[in-house]
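# Commentary on secondary and tertiary structure
The primary structure of each chain is shown beneath.
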Amino acid sequence: MLVIGSGKTITLDAQNPYIENGAVAIDGNRIIAVGPADDIRKSYPDAQFIDAGGNVIMPAFINTHEHIYSAMARGLSIKGYSPKGFLDILDGQWWTIDRHLTLEQTRYSAVDTMISCIRNGVTTIFDHHASYGHITDSLFTIAEVAKELGIRACLCYEVSDRDGRDKAREAVRENAAFIRHALKDDTDMLAGMMGMHAQFTISDETFELAAANKPAEAGYHIHVAEGIEDLHDCLNKYGKRIVDRLMDHGVLGEKTLLGHCIYINPHEMELLKETDTMVVHNPESNMGNACGCPPTMELVHRGILTGLGTDGYTHDMTESFKVANVLHKHHLCDPNAAWSEVPKMLFENNAAIANRYFKAPLGVLREGAAADVIIVAYDPPTRLTKDNIYGHILFGMTGRDVVTTVGNGRILMQDREVKVIDVKEAMEKCREQSDILWKSING
């Protein structure tokens with residue numbers, strides 16, 4: 001047993017949102033009690049105790065759209081790369097990287113990403129993978145790393161016709177095999193989806209192939225209307241908007257997650273609402289790729305389950321919280337925008353999205369929930385209460401303030417020391433593999 005206590009405890013439980021000096025008791029992989037620190041310690045005197053030292057205790061973060069394959073892009077300069085728009089960014093950088101990735105480079109991309117997740121207090125990720133240099137077994141390799149490092153992971157492979165039909169078929173097979181594998185896994189730490197790139201790189205035949213091979217228990221994870229080019233392609237080729245095309249192929253539904261949704265209209269939003277399809281917003285990526293600002297506030301107001309992700313741009317969910325907050329204020333010229341919507345996305349909707357694939361309640365500290373708990377080194381100069389929690393997180397915390405991360409009851413990091421892997425050795429191997437990748441890209 002484990003008790004994490006003596007800290008300002010943000011539970012995100014509506015019935016008991018904040019305890020000034022609280023504690024969380026953990027037995028195995030579940031929380032068994034949350035309450036005042038003195039009471040919890042008296043009830044479980046023999047449990048291992050982690051002293052928060054007056055810092056903040058809160059649920060670990062969930063990231064609903066990651067890209068592990070982007071890990072080795074940091075600092076990379078690709079010869080001749082000078083993008084003029086979003087399609088140039090995709091083909092010139094991201095598709096160039098994934099076409100060269102070996103299985104070992106995928107492994108260490110996952111190692112780097114998951115170490116960063118642990119350091120930033122993220123214990124659950126939805127990853128959207130691409131490695132057309134080596135497709136088969138790529139998801140299984142990422143899953144091995146997730147198991148080793150203690151990260152809860154919903155994985156998929158990015159199906160696309162951009163590198164030919166044979167590789168598209170191989171990508172569909174990888175998704176289908178991994179989904180079946182994850183469905184048999186009883187740890188509640190692994191899930192699978194049918195990943196797809198975006199409609200503009202997927203033919204009708206490949207959509208049909210994916211549908212024919214997808215186990216019924218899983219949905220799709222696909223980029224939608226990230227760039228205006230995606231919409232123009234759909235209108236020109238099929239005479240319909242993107243969400244309509246996805247509807248026609250049976251892609252929409254409560255297990256399906258759409259990334260971005262920048263260029264969608266009210267009609268498409270109605271389809272998302274009616275089909276209970278999920279959406280994930282990735283603010284830094286949308287801004288960095290100059291793609292535009294999605295109508296995220298309207299999606300939330302319409303009751304469409306909309307979460308917050310990073311698109312691999314960062315692994316710090318508090319950064320995405322901050323950027324989303326200012327992006328929508330700026331875009332709408334409304335200083336009142338995003339105050340309630342963005343924290344709802346991060347703290348409520350991400351958990352709701354995750355719990356469509358994982359059984360244990362996530363994103364909350366209460367009896368019966370998954371034992372995903374972090375300690376954040378935060379000593380506020382103003383009073384922290386149940387009424388101003390989100391303001392403190394938004395303006396006072398960053399991911400690197402996390403000092404201890406517990407995932408599924410396992411101590412992944414304590415006092416900023418990652419416990420589940422030799423970080424120095426792992427990072428050296430990451431650099432070795434990135435050197436090989438960069439040389440293969442630039443010849």
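Refer to the structure above for everything that follows.
Presented here is a report on the structure given in the accompanying data block. (Residues numbered from 1 in each chain as written. Predicted model: local features only at pLDDT ≥ 70, side-chain atom pairs only at ≥ 80, totals over all residues. Heavy atoms only, no water.)

### Concerning the overall build of the chain
Helix and strand counts for the chain come out as 15 helices and 18 strands. Taken against the 2.2 N^0.38 rule, which gives 22 Å for 443 residues, the C-alpha radius of gyration of the chain at 21 Å falls within 12% of a compact globule. Overall size of the chain, expressed as C-alpha extent along the three principal axes, is 65 × 45 × 40 Å. Evaluated residue by residue, the chain yields a buried proportion of 60% over its 443 residues. (Helix = DSSP H or I, 4+ residues; strand = E, 2+ residues; numbered from the N terminus. Rg over C-alpha atoms; globule rule 2.2 N^0.38 Å. Buried < 20%, exposed > 50% of the residue type's maximum accessible area, 1.4 Å probe, protein only.)

### Things to note about empty space enclosed by the protein
One pass over the structure, following the stated rule, counts 2 cavities of 30 Å³ or more. As for the largest cavity, its lining consists of L12, P59, A60, F61, I62, L346, F347 and G363. Elements represented by at least two residues in the lining of the largest cavity include exactly β6 (61–66) and α13 (341–354). One number sums up the size of the second largest cavity: a volume of about 40 Å³. Looking at the second largest cavity, the residues that line it are F86, L90, H197, A198, F200, H223, A225, E226, G227 and D230. Broken down by secondary-structure element, the contributors of at least two residues to the lining of the second largest cavity are α2 (86–100) and β10 (194–198). Its residues assigned to classes, the lining of the second largest cavity comprises 5 nonpolar, 3 polar and 2 charged. (1 Å grid on protein atoms, 1.4 Å probe; cavity = no way out; pocket = protein on both sides within 12 Å on 5 of 7 lines; lining within 4 Å. Points joined across faces, edges and corners; volume = space filled by probe spheres on them. Nonpolar A, V, L, I, M, F, W, Y, C, P; charged D, E, K, R; others polar.)

### Some details on the sheet that holds strand β11 (residues 220–224)
If you walk across this open sheet you meet the 5 strands as β10-β11-β12-β13-β14, and the pairing is parallel. The outermost strands of the open sheet, each flanked by one partner alone, are β10 and β14 (306–308). The sheet shows a mean angle of 25° between the axes of neighbouring strands, taken without regard to direction. When β11 meets strand β12 (residues 257–260), the two strands line up parallel, connected through 4 bridges. Residue pairing in the sheet places H223 in a bridge with G259 of β12. (Pairing = 2+ DSSP bridges. Axes fitted to C-alpha atoms, helices over the stretch in contact; angles between N-to-C directions.)

### Notes on helix α14 (residues 389–396)
Listed in full, the buried residues belonging to α14 are I389, H392, I393 and L394. Residues of α14 that are buried sit in contact with β1 (2–10), β2 (18–27), β5 (56–59), α12 (317–332) and α13. (Contact = heavy atoms within 4.5 Å.)

### Focus: the packing of helix α3 (residues 103–119) against helix α4 (residues 138–149)
The contact between α3 and α4 brings their axes to 9 Å, and the two run at 35°. Seen from above, α3 lies across α4 with right-handed handedness. Two secondary-structure elements touch here, α3 through L103, T106, R107, A110, V111, M114, I115 and I118 and α4 through S138, T141, I142, E144, V145, A146 and L149. Of the residues contributing to the contact of α3 with α4, the split by class is 10 nonpolar, 3 polar and 2 charged. (Left-handed = near helix turned anticlockwise from the far one by under 90°.)

### Section: the nonpolar core
Residues M58, M114 and V224 are the most contacted members of the largest nonpolar core, which totals 100 residues. Sort the elements by how many residues they give to this core and α3 lands first, with 7 residues. If we ignore the near neighbours within four places in the chain, the residues touching M114 are I68, I125, I142, V145, A146, L149 and I151. Grouped together as the second largest cluster of nonpolar side chains are 18 residues, C154, C156, M278 and L305 included. (Core = buried A, V, L, I, M, F, W, Y, C linked by side-chain atoms within 4.5 Å.)

### Things to note about the layout of surface pockets
Taken as a whole, the largest pocket holds about 900 Å³ of empty space. Taken together, 42 residues line the largest pocket, and the ones lying closest to its centre are S70, A71, A73, W94 and G312. Looking at the lining of the largest pocket residue by residue, the classes come out as 17 nonpolar, 16 polar and 9 charged. In this structure, the second largest pocket occupies an estimated 250 Å³ of space. The wall of the second largest pocket is formed by 13 residues, among which A143, K147, D185, T187 and L190 lie closest to the centre. Residues that form the lining of the second largest pocket fall into these classes: 6 nonpolar, 4 polar and 3 charged.

### Quick notes on the packing of α12 against α13
Across the interface, α12 lies against α13 with an axial gap of 8 Å and an inter-helix angle of 145°. Residues M317, F321, A324 and N325 of α12 lie in contact with α13, whose contacting residues are V342, P343, L346, F347 and N350. Considering only residue class, the contact of α12 with α13 consists of 7 nonpolar, 2 polar and no charged.

### With respect to the pairing of β12
Here β12 runs beside strand β13 (residues 278–281); their pairing, made up of 3 bridges, is parallel. For L258, the partnering residue across the bridge sits in β13 and is V279.

### With respect to the packing of aromatic side chains
Under the defined criterion, the tally for this structure stands at 9 aromatic pairs. The interplanar angle of 90° and the centroid separation of 6.3 Å between the aromatic rings of F126 and F358 together place this pair among those described as edge-to-face. Pair noted here: F126 is in strand β7 (residues 122–129) and F358 is in the loop between α13 and β15 (373–376), with a separation of 232 residues, a long-range link. F358 carries the same exposure label as F126, and that label is buried. Aromatic side chains F321 and F347 sit 5.8 Å apart centroid to centroid with 85° between the ring planes, which places their arrangement in the edge-to-face category. Residue F321 is found in helix α12, and its partner F347 is found in helix α13; the two are separated by 26 residues along the sequence. F347 carries the same exposure label as F321, and that label is buried. Among the aromatic residues, those joined into a cluster by ring pairs are F61, F321, F347 and Y390. (Phe/Tyr/Trp six-rings, centres within 6.5 Å; stacked < 30°, edge-to-face > 60°.)

### Regarding unusual backbone geometry
Look at A338: it is not a glycine, yet its phi comes out positive at around 75°. Its location among the elements puts A338 in the loop between α12 and α13. The buried category is assigned to A338, whose relative accessible area is 1%.

### A few points about the pattern of salt bridges
Applying the stated rule across the entire model yields 21 salt bridges. With its nearest N and O atoms 2.9 Å apart, the salt bridge here joins R169 to D166. Of this pair, R169 and D166 both sit in helix α5 (residues 165–184), separated by 3 residues, roughly a single helical turn. A residue is classified by how much of its surface remains accessible, and R169, at 36% relative accessible area, is partly exposed. Judged by relative accessible area, which is 58%, D166 ranks as exposed. Connected through shared salt-bridge partners, D91, R99 and D163 make up one network. (Salt bridge = Lys/Arg side-chain N within 4 Å of Asp/Glu carboxyl O.)

Everything listed is a geometric property; what it means functionally is a separate question.
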